[in-house]
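Letter by letter, the chains look like this.
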Amino acid sequence: MPAPIRLRELIRTIRTARTQAEEREMIQKECAAIRSSFREEDNTYRCRNVAKLLYMHMLGYPAHFGQLECLKLIASQKFTDKRIGYLGAMLLLDERQDVHLLMTNCIKNDLNHSTQYVQGLALCTLGCMGSSEMCRDLAGEVEKLLKTSNSYLRKKAALCAVHVIRKVPELMEMFLPATKNLLSEKNHGVLHTSVVLLTEMCERSPDMLSHFRKLVPQLVRILKNLIMSGYSPEHDVSGISDPFLQVRILRLLRILGKGDDDSSEAMNDILAQVATNTETSKNVGNAILYETVLTIMDIKSESGLRVLAINILGRFLLNNDKNIRYVALTSLLKTVQTDHNAVQRHRSTIVDCLKDLDVSIKRRAMELSFALVNGNNIRGMMKELLYFLDSCDPDFKADCASGIFLAAEKYAPSKRWHIDTIMRVLTTAGSYVRDDSVPNLIQLITNSVEMHAYTVQRLYKALLDDISQQPLVQVASWCIGEYGDLLVSGQCEEEEPIQVSEDEVLDVLEGLLVSNLSTPVTRGYSLTAIMKLSTRFSSLNRIKKVVSIYGSSIDVELQQRAVEYNALFKKYDHMRPALLERMPIMEKTATNGPSETVQTNGETDSTILDTKHLPSISQPASQVGFLKHGFSIQTCAHFRSNPNPNIAVITIHATNSTEADMTEFVFQAAVPKTFQLQLLSPSSNVVPAFNQGSVTQVIRVLNPQKQQLRMRIKLTYTHKGSPVQDLAEVNNFPPQSWQ
Amino acid sequence: MIKAILIFNNHGKPRMSKFYEHYTEDTEQQIIRETFHLVSKRDENVCNFLEGGLLIGGSENKLIYRHYATLYFVFCVDSSESELGILDLIQVFVETLDKCFENVCELDLIFHLDKVHNILAEMVMGGMVLETNMSEIITQVEAQGKMEKSERLQDVFVEFSHQDLLDFYNQMEMIQTQLTR
């Protein structure tokens, strides 16, 4: 049997293949040769064969028959064999094969080998693919190696320990004694991996976190040395001394300082120093600054430091490097909720990023812009956002349109502006608007009673231009159906009324029915609109004719509608005016944003609580409220999605069924530490008697950790001349409001 | 944590692939194809960060890549890694390869896949960054290479055959033609 070909040969041969089929053939031939060589139990060439197998595995061909051979290589005495064997094990084996457990003994022996490189190989393999059983067996060996003085092994042992902890979290305590003097090492490799190990332990266990808080001074000292020390050639990357270690330490400081005043206090100085002294001309400097900013925002830093951090982010936004801009936008998005005013200062730069060429940057700038919209800047921002909607990629249009609708609804300065904005969105991005926004828009238009004439006129003009965008067409035909009489009478106050005859309107609507561009849903809308016009227009014959034609339409929905409308004309003509009357103002329900929204309406049942100091209410989960002596508070929790899904909006209604008014009514609420609360102003501070009215107040709760919402409420008011104070706890908000 | 490190060329052919999480062979190949598809669409002057494709974990994970001549170096990481730091790490990796191979080019990676894996093993272990000091990495890699060579020297006279000699001369010729091209 000739010697198996070398790896290089194989590679060269495969590269000469001109088609995929040729390559497959060559590989199959070679696989057969390798298989027979394995069967012969040939020790000399096993290493070479497995190397070839790994190459073929990378190209995508099955190589599982080599798994056992890898084990044999690991058990060999030669370093070359072991190396390929371990590499093969890492690439071909994983926990799902039972074969991997056979490695455990080999690894154990190799962890105690005399050559450090063999020990290193064993640590590397265990750290990459060790299963939980293997980790349990070998954790002791790893722990021993963590205490060795050999820095090459110590750093590998540290990372291996991280893997062990990830697989078997219960073993974490075992590594605690070894961590005692990890940070006093001089070798940067060991320092780096030790910080990784400490980070992992702190992230997994709050006890460890409090235990390691005492390391903060030591970490600060190491960081200081790194910054202050002069040029050190072995650790230098583009002029900065070991930036990787600096970034790691900053991240660990972030975890240690979060929520703890003393630690945050200890780090303030060094963070300020890093933030001001780091060279920003190269990427490394910016990487360090970025990490510093994230740390400052997370710990309890003083406000001067926070402003410094946001200004650094603002500077990043102006940087030429697009990576830096991307990173800045991402961080600003995270901080915009907590430091809203500081981020507002950079609004113009952020809005400029909307015009960037890079898709990732545009997306982030768009999200951030929506987060920054408020009552003061709505007009200016909307102009920019509408311009962006015009020119952006189709992938963005749906999200942008939904975002604009939400922002307009929240902050619209006037009804006319609101309708104009909606019109603009419908005409520019009409086909990308989400289907569920059509009903919302219709509701909005119905409720703006004084704008009906203006709205219908503008929508009619838009229809004349373009009937391809279905959401626009649907809203327009609905409006024309409802307010067609205002259209033909030329009653518009807001702008120049146009002269339109009934026939022209019917022409447009009939055009929609026959057009190829209209979807079945749109056709349904226009048929109904034509029918409604029968009570508002005088050309009844034409309408009757259209309706009867569609009585034999192929589309079942249209046919059904037409037949029913026909019946309205014939047998039930006396009911027709009442049925086709103008729609009344619709009740406002929670708006549907781009992500799932859940609406819960709180309703109290009539359980009466008779003690004054009842601390909490236990009612069935779907009902939330507070009831006392005829005074009731109902809460409605809304889950508004865009731009921040962590905000729950709760509306409380207070009513009073006693015989005297409650005056000077003040509602206060407190939430647990992980939440943030914002109380908006109440509708009034008098709750009238006999349920004659109610006081409404909106509460916004930020719940970034998605914990169960709990609230303590305190009510103060004056009833029958004497001041009253009530305390209560509300615990049973429905899960949808905080998940 | 680094989920995967991929090197492929401008046509999508994988030159090295290392996964630090368990996927089946088919999934690994699909991931390579999907990543190539996402990365090759990118223009030259956009930023080097992308959301991961669906197979590798969707928007939880990011792809951080650099394009050098004919090769893409892609690191797929989760949110615990700093994006700018990984960019620097890719740079250090490529510079190390350059030092180890003397002006590295794609052919070096093709014919010395095992060496590339060995160098990477000194830098990243179990999805975490092990060592970033270039001289330290190179020292370790060279020491281990010496160990291998000393083991092989014992065998050289046994294996040396007529066929091997012929191969050796062919190789020399090929290198010469490449140099004089």
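Predicted model, so just to flag it, every value in this text is computed and none were measured.

K.L.:
How should the overall build of chain B be read in this particular structure?
P.N.:
A tally of helices and strands in chain B yields seven helices and seven strands. Counting from the amino terminus, helix and strand elements in chain B follow one another as β-β-α-β-β-β-α-α-α-β-β-α-α-α. Out of the 181 residues belonging to chain B, those deemed buried represent 54%. A fraction of 48% describes how many contacts in chain B between residues 6 or more apart in sequence connect residues 24 or more apart. A total of about 8800 Å² of accessible surface is found on chain B, and carbon and sulfur atoms cover 54% of it.

K.L.:
Could you clarify how one ought to interpret the overall build of chain A in this entry?
P.N.:
Of the regular secondary structure elements, chain A holds 31 helices and 11 strands. The proportion of buried residues among the 739 residues of chain A is 55%. A separation of at least 24 residues holds for 68% of the contacts in chain A among residues at least 6 apart in sequence. When the accessible surface of chain A is summed, it comes to about 32900 Å², and 50% of that surface belongs to carbon and sulfur atoms.

K.L.:
Quick question: what am I supposed to make of the interface of chain A and chain B here?
P.N.:
How large an interface is tends to be reported as the accessible area lost when its parts come together. Listed by partner, the interface residues are 70 residues for chain A and 66 residues for chain B. Of all residues in chain A, the largest losses of buried area upon contact with chain B belong to M58(A), R83(A) and F244(A), amounting jointly to 12% of the total for that side. Ionic pairing is found between E51(B) and R364(A), a salt bridge with its closest N-O pair at 3.5 Å. Our enumeration of links across chain A and chain B arrives at 19 residue pairs in polar contact (both at pLDDT 80 or more). Here the side of chain A that touches chain B gets eight residues from one element, more than from any other, and that element is helix α9 (residues 151-167) of chain A. Split by residue class, the side of chain A that touches chain B holds 31 nonpolar, 16 polar and 23 charged.

K.L.:
Explain a nonpolar patch on the surface here, please?
P.N.:
Together, L165(B), F168(B), Y169(B) and M172(B) line one region of the surface with nonpolar side chains, adding up to about 410 Å² of accessible area. Position of Y169(B) relative to the elements: it lies in helix α7 (residues 162-180).

K.L.:
Honestly, the packing of helix α3 (residues 46-59) of chain A against helix α5 (residues 79-92) of chain A in this entry has me stumped. Any pointers?
P.N.:
Packed helices, taken two at a time, are described by their axes: the angle between them and the distance between them. All names here are of chain A. Viewed as axis vectors pointing N to C, α3 and α5 meet at an angle of 30°, and their least axial separation amounts to 10 Å. Here α5 runs roughly parallel to α3, going by the angle between their axes. As α3 packs across α5, the resulting crossing turns out to be left-handed. On α5, the residues touching C47, V50, A51, L54 and H57 of α3 are T80, D81, I84, L87, G88, L91 and L92. Class assignment of the residues belonging to the contact of α3 with α5 gives a composition of eight nonpolar, three polar and one charged.

K.L.:
What should I look at first to understand the environment of Y86(A) in this one?
P.N.:
All names here are of chain A. Looking at the element boundaries, Y86 is found in helix α5. Classification of Y86 by relative accessible area gives buried; the value is 1%. A sequence separation of 13 residues divides Y86 from L73, and the C-alpha atoms of the two residues are 8.0 Å apart. Once you skip the residues sitting within four places of it in the chain, Y86 turns out to touch I74, C106, I107, D110, L121, A122 and T125.

K.L.:
Explain the sheet that holds strand β10 (residues 711-719) of chain A here, please?
P.N.:
Pairing between the strands of a sheet is mediated by backbone hydrogen bonds and can be parallel or antiparallel. Residues and elements named next belong to chain A. Strand order across the open sheet formed by three strands is β7-β10-β11, with antiparallel pairing between neighbours. Unpaired on one side and paired on the other, β7 (662-670) and β11 (722-730) mark the two borders of the sheet. Adjacent strand axes in the sheet meet at a mean angle of 15°, parallel and antiparallel pairs treated alike. Where β10 and β11 come together, nine bridges link them in antiparallel fashion. Bridged to M711 within β11 is V730.

K.L.:
How do you make sense of helix α4 (residues 113-123) of chain B when you look at a structure like this?
P.N.:
Counting buried residues along α4(B), nine of its 11 residues qualify, which places the element largely inside the surrounding structure. Residues of α4(B) that are buried include every one of L113(B), V116(B), H117(B), N118(B), I119(B), L120(B), A121(B), E122(B) and M123(B), and no others.

K.L.:
Would you mind going over the packing of aromatic side chains with me for this structure?
P.N.:
A ring pair, where both rings are aromatic, is described by two values, the distance of the centres and the angle of the planes. All names here are of chain B. Within the structure shown, the criterion is met by 12 aromatic pairs over all chains. Between F19 and Y23 the ring centres are 5.8 Å apart and the planes differ by 75°, which places this aromatic pair in the edge-to-face class. No difference in accessibility class separates F19 from Y23, as the two residues are buried. Considering the side-chain rings of Y68 and F73, the 5.6 Å spacing of their centres and the 90° angle between planes classify their relative orientation as edge-to-face. Three or more aromatic residues joined by ring pairs make a cluster, and in this case those are F8, F36, Y65 and Y72. A cation over an aromatic ring shows up here: K115 above the ring of F101, its NZ or CZ 5.1 Å from the ring centre.

K.L.:
Sorry, what's going on with the pairing of strand β2 (residues 14-19) of chain B here?
P.N.:
In regular strands, side chains alternate between the two faces of the sheet. All names here are of chain B. Extensive coverage of β2 is indicated by the burial of six of its six residues. Bridging between strand β1 (residues 2-9) and β2 involves five bridges; their strand directions are antiparallel. Directly across from I5, in β2, lies its bridge partner K18. In this antiparallel pair of consecutive strands, β1 and β2, the connection spans four residues, and G12 shows a positive phi of 90°.

K.L.:
For this particular structure, what's the right way to read helix α26 (residues 470-489) of chain A?
P.N.:
In an α-helix there are 3.6 residues to a turn, and that puts residues three or four apart on one side. Residues and elements named next belong to chain A. Taking 1.5 Å of rise per residue, the 20 residues of α26 would be expected to cover 28 Å, and the 27 Å separating its terminal C-alpha atoms lies within 8% of that figure. Of all the bends in α26, the greatest, near 80°, is centred on Y483. In terms of burial, α26 is largely enclosed, as 17 of its 20 residues are buried. Phi turns positive one or two residues past the end of α26, at G490, with a value near 65°.

K.L.:
Could you clarify how one ought to interpret a negative patch on the surface in this entry?
P.N.:
Taken together, the side chains of D261(A), D262(A), E265(A), D269(A) and E302(A) define an acidic patch exposed on the protein surface. Tracing the backbone shows D262(A) in helix α14 (residues 261-277).

K.L.:
Would you mind going over the nonpolar core with me for this structure?
P.N.:
Counting 253 residues, the largest nonpolar core has I2(B) and F93(B) as its most contacted members. Ranked by size, the runner-up nonpolar core spans 20 residues in total, among them I650(A), L709(A), I713(A) and Y717(A).

K.L.:
I tried to follow the confidence of the model for chain B on my own but got confused; where do I start?
P.N.:
Do not read the predicted coordinates in detail wherever pLDDT is low. Averaged over all residues, the pLDDT of chain B is 86; the fraction at 70 or higher stands at 96%. In the predicted complex, the global pTM is 0.66; the interface-specific ipTM is 0.73.

K.L.:
Teacher, can you tell me more about the sheet that holds strand β5 (residues 71-77) of chain B here?
P.N.:
Residue and element names in this part refer to chain B. Strands sit in the order β2-β1-β5-β4-β3 across an open sheet of five strands; the sheet is antiparallel. Looking at the sheet topology across the chains shown, the edges are occupied by β2 and β3 (49-51). Between one strand and the next, the sheet's axes are offset by a mean angle of 20°, whatever the strand orientation. The strands touched by helix α1 (residues 25-40) within the sheet are β1, β2, β3, β4 (62-68) and β5, with β1 carrying the most contacts at an inclination of about 70°.

K.L.:
Looking at this structure, how should I read the packing of helix α15 (residues 283-298) of chain A against helix α2 (residues 83-101) of chain B?
P.N.:
The geometry of α15(A) relative to α2(B) is characterised by a closest axis approach of 8 Å and an angle of 150° between their N-to-C directions. It follows that α15(A) is roughly antiparallel to α2(B) by the angle criterion. Where α15(A) crosses over α2(B), the handedness of that crossing is left-handed. For the pair formed by α15(A) and α2(B), the contact residues are N283(A), V284(A), N286(A), A287(A) and Y290(A) on the first element and E83(B), L84(B), G85(B), L87(B) and D88(B) on the second. Of the residues in the contact of α15(A) with α2(B), the class split is five nonpolar, three polar and two charged.

K.L.:
In this structure, what is going on with empty space enclosed by the protein? I would like to understand it.
P.N.:
Scanning all chains against the criterion turns up 10 cavities of 30 Å³ or more. Space inside the second largest cavity adds up to approximately 180 Å³. If you go around the second largest cavity, you meet 16 residues; those closest to its centre are F244(A), V247(A), R248(A), S82(B) and G85(B). For the lining of the second largest cavity, the elements supplying multiple residues, two or more each, are α13 (243-257) and α15 of chain A together with α2 of chain B. Per-element tally for the lining of the second largest cavity: the top contributor is α13(A), with five residues. Grouping the amino acids of the lining of the second largest cavity by side-chain chemistry returns eight nonpolar, four polar and four charged.

What counts, and at which threshold
- Residues numbered from 1 in each chain as written.
- Chains lettered and ligands numbered in written order.
- Predicted model: local features only at pLDDT ≥ 70, side-chain atom pairs only at ≥ 80, totals over all residues.
- Heavy atoms only, no water.
- Helix = DSSP H or I, 4+ residues; strand = E, 2+ residues; numbered from the N terminus.
- Buried < 20%, exposed > 50% of the residue type's maximum accessible area, 1.4 Å probe, protein only.
- Contact = heavy atoms within 4.5 Å.
- Areas by Shrake-Rupley, 256 points an atom, 1.4 Å probe, with all protein chains shown as cover.
- Buried area = accessible area lost by both parts, 1.4 Å probe.
- Salt bridge = Lys/Arg side-chain N within 4 Å of Asp/Glu carboxyl O.
- Polar contact = N/O pair within 3.5 Å; in protein donor to acceptor, adjacent residues only side chain to side chain.
- Nonpolar A, V, L, I, M, F, W, Y, C, P; charged D, E, K, R; others polar.
- Patch = residues over 30% accessible without salt bridge, like charges linked within 9 Å, V, L, I, M, F, W, Y side chains within 5 Å.
- Axes fitted to C-alpha atoms, helices over the stretch in contact; angles between N-to-C directions.
- Parallel < 35°, antiparallel > 145°, perpendicular 65-115°, else oblique.
- Left-handed = near helix turned anticlockwise from the far one by under 90°.
- Pairing = 2+ DSSP bridges.
- Phe/Tyr/Trp six-rings, centres within 6.5 Å; stacked < 30°, edge-to-face > 60°.
- Lys NZ or Arg CZ within 6 Å of the ring centre and 35° of its normal.
- Expected span 1.5 Å × (residues − 1).
- Bend = angle between axes of the 7 residues up to and from the residue.
- Lys, Arg positive; Asp, Glu negative; His and termini not counted.
- Charge placed at Lys NZ, Arg CZ, Asp CG, Glu CD.
- Core = buried A, V, L, I, M, F, W, Y, C linked by side-chain atoms within 4.5 Å.
- pLDDT = per-residue confidence, 0-100.
- 1 Å grid on protein atoms, 1.4 Å probe; cavity = no way out; pocket = protein on both sides within 12 Å on 5 of 7 lines; lining within 4 Å.
- Points joined across faces, edges and corners; volume = space filled by probe spheres on them.

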